[in-house]
Amino acid sequence: MSTITPLKDLQTLVSLCKRRGFVFQSSEIYGGLNSCWDYGPLGADFKFNVKMSWWKTMTRRPDIVGLDAAILMHPMVWKASGHIDGFTDPLCDCRACKTRFRQDQAPQKNGKTICPNCGSTEVTEPRNFNLMFKTFMGPVEDAAAVVYLRPETAQGIFVNYENVLTSMRKKIPFGIAQIGKSFRNEITPGNFTFRTREFEQMEMQYFVKPGTDMEWFEKWKETRLAHYSRLGFKPSSLRFHQHGPKELAHYARAAFDVQYEFPFGWQELEGIHNRSDFDLTQHSKFSGKKLEYFDEQTKERFVPYVIETAVGCDRLCLAILCNAFEEEKLASAGGEGDGDSRVVLRLKPFLAPVQVACLPLSKKPDLQETAFKIRQDLSEEFRVDYDETASIGKRYRRQDEIGTPLCLTVDFESLNDKKVTVRHRDTMTQDRVEMSRLSEYVREKLRSF
Ligand code: ATP
């Protein structure tokens, strides 16, 4: 029997990500830029697949349409949304060691804030620090030219509510989905890509008739859990956390976080919020435009309520990698890697950056040519890698580590019998398959994972 160990510490994953081209530190040759990360060749493909699966699950329903709004928006948007006045963290400075920290995360003793770095109680009164990045539009750097990098994608959806409603002739209930970058000048970024200052969000705002909002809220909780299950999460690795009255954002009537158990503890992955009519009402007030809905049937006019599902794409990518990571000590049973151990990413094939690896057993030109031809043929439909370096055992390990579900090995026999060996990532079992029916075979196998 082999023994399986899940991911124990984040550092193991961080080094795998670097070694295998998933994620690199941003501007590394200059010493890196704190909390900023670049997705390498495999990471970029993987992240794209994660986004694609979210996009499909949202926009292939008849009641949801997509949007891609600009990052820079009119400054009034952030006045109306409450971000200019309220998107702040309370910061204290330690007089002893000069550390700056968030008061709401620092330990308290007898009503006094304690510096989390040195333990001193000599700390300043908290000051509110706005998390929005500010910049200037155009050539003049004065107050009139200030614009913000959006701290969430949601507002792009709210300000386009009327445009989408009329151009797409939507009827309530309907939703708008968007994927895009957001920026927050977080005080304490960290845990790799879990909390960063530049990140990508996948948000969907669902507009409903007031009074039906809690029913839709419950439906969306279920729908989102079903999506996580398709991504490969076991129910036991996820849980809901309900926001208590003190945690609820100013706009929210109800809020649940989907939490995942990362190696550093249970943490929020996604927020599901009932935002009431707060946003549309605010934008109506500040823009002077009526943002309502007219129900043709009942002849009622109302401001819709909004149920929002908001997940960080980078955070989800990290969770998927943590969840897929396994270290397996292989049994001494005379099989592949006898008594050895391997790291395997058990990614669902639709998420894996490489779905099929074509491996000629040796560098003999006939084998290379055949493997290359297979690579070319399969590339039309699948994400295919070709690798001819190192021993076949090492190449299998490399593919396991990046989550490749199937390896196709072209050996000397292949030239005669026109078959290849298909080796399966999860079971390490092998099949001999005719080259002429490879596409069909791969398609069927990838679907069955
Ligand atoms: P947190 O409490 O972790 O700061 P939040 O409750 O402010 O997050 P939301 O505003 O609800 O987060 O944003 C929705 C999602 O966006 C979060 O669930 C998370 O996945 C992602 N997200 C938020 N902030 C960051 C960040 N700094 N880095 C990466 N992802 C983030």
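Residues numbered from 1 in each chain as written. Predicted model: local features only at pLDDT ≥ 70, side-chain atom pairs only at ≥ 80, totals over all residues. Heavy atoms only, no water.

Section: the overall build of the protein
Part 1: Helices and strands together make up the secondary structure of the protein, namely 13 helices and 26 strands.
Part 2: Judged by the C-alpha coordinates and their principal axes, the protein covers about 75 × 65 × 50 Å.
Part 3: Of all 449 residues assigned to the protein, the portion counted as buried reaches 49%.
Part 4: Between the mean site of the 64 positive side-chain charges and the mean site of the 61 negative ones, the protein shows a separation of 1 Å. (Helix = DSSP H or I, 4+ residues; strand = E, 2+ residues; numbered from the N terminus. Buried < 20%, exposed > 50% of the residue type's maximum accessible area, 1.4 Å probe, protein only. Lys, Arg positive; Asp, Glu negative; His and termini not counted. Charge placed at Lys NZ, Arg CZ, Asp CG, Glu CD.)

Observations concerning the sheet that holds strand S1 (residues 3–6)
Part 1: Spatially, S1-S20-S21 is the arrangement adopted by the 3 strands of the open sheet, whose pairing is antiparallel. Looking at the sheet topology across the chains shown, the edges are occupied by S1 and strand S21 (341–345). Mean inter-strand twist for the sheet, computed between neighbouring axes without regard to direction, equals 25°.
Part 2: Pairing between S1 and strand S20 (residues 325–329): 4 bridges, direction antiparallel. By the bridge assignment for S20, Thr3 is matched with Lys329.
Part 3: Sheet strands in contact with helix H9 (residues 313–324) are S20 and S21, and its direction is about 15° off that of S20. (Pairing = 2+ DSSP bridges. Axes fitted to C-alpha atoms, helices over the stretch in contact; angles between N-to-C directions. Contact = heavy atoms within 4.5 Å.)

Comments concerning the nonpolar core
Across soluble globular proteins, you tend to see nonpolar side chains buried next to one another.
Part 1: Counting residues in hydrophobic clusters, the biggest one holds 56 residues, and the most contacted among them are Phe22, Phe46, Val50, Tyr228, Phe233, Leu316 and Ile320.
Part 2: No other element matches the 9 residues that H9 contributes to this core.
Part 3: Apart from residues lying up to four places away in sequence, Phe46 is in contact with Phe22, Cys317, Ile320, Leu321, Leu347, Leu351 and Pro353.
Part 4: Leu367, Leu378, Val384 and Val433 belong to the second largest nonpolar core, which has 19 residues in total. (Core = buried A, V, L, I, M, F, W, Y, C linked by side-chain atoms within 4.5 Å.)

Looking at the environment of Asn160
Part 1: Note that Asn160 resides in the loop between helix H5 (154–158) and helix H6 (161–168).
Part 2: Residues Asn160 and Ile176 lie 16 residues apart in sequence; the distance between their C-alpha atoms is 9.4 Å.
Part 3: Each residue touching Asn160, except ones within four places of it in the same chain, is listed here: Leu67 and Ala69.
Part 4: Here Asn163 takes part through its side chain, which lies 3.1 Å from a polar atom of the side chain of Asn160. (Polar contact = N/O pair within 3.5 Å; in protein donor to acceptor, adjacent residues only side chain to side chain.)

Comments concerning the domain arrangement of the protein
Part 1: Assigned domains of the protein: these are domain 1 (3–79 + 145–322), domain 2 (89–130) and domain 3 (354–447).
Part 2: Once you take the C-alpha centre of each, domain 1 and domain 3 turn out to be 37 Å apart.
Part 3: Of the roughly 530 Å² buried between domain 1 and domain 3 on both sides combined, carbon and sulfur atoms contribute 52%.
Part 4: The largest contributions to the domain 1 side of the interface with domain 3 come from Arg20, Leu42 and Asn49, which together make up 64% of the buried area.
Part 5: Across the contact surface, domain 1 and domain 3 share 2 salt bridges.
Part 6: A salt bridge links Glu401 to Arg19, with the nearest nitrogen and oxygen atoms 2.3 Å apart.
Part 7: Here domain 1 is connected to domain 3 by 2 residue pairs in polar contact (both at pLDDT 80 or more).
Part 8: Secondary-structure elements contributing two or more residues to the side of domain 1 that touches domain 3 are helix H1 (10–19) and helix H2 (41–59). (Domains from an automatic or database assignment. Buried area = accessible area lost by both parts, 1.4 Å probe. Salt bridge = Lys/Arg side-chain N within 4 Å of Asp/Glu carboxyl O.)

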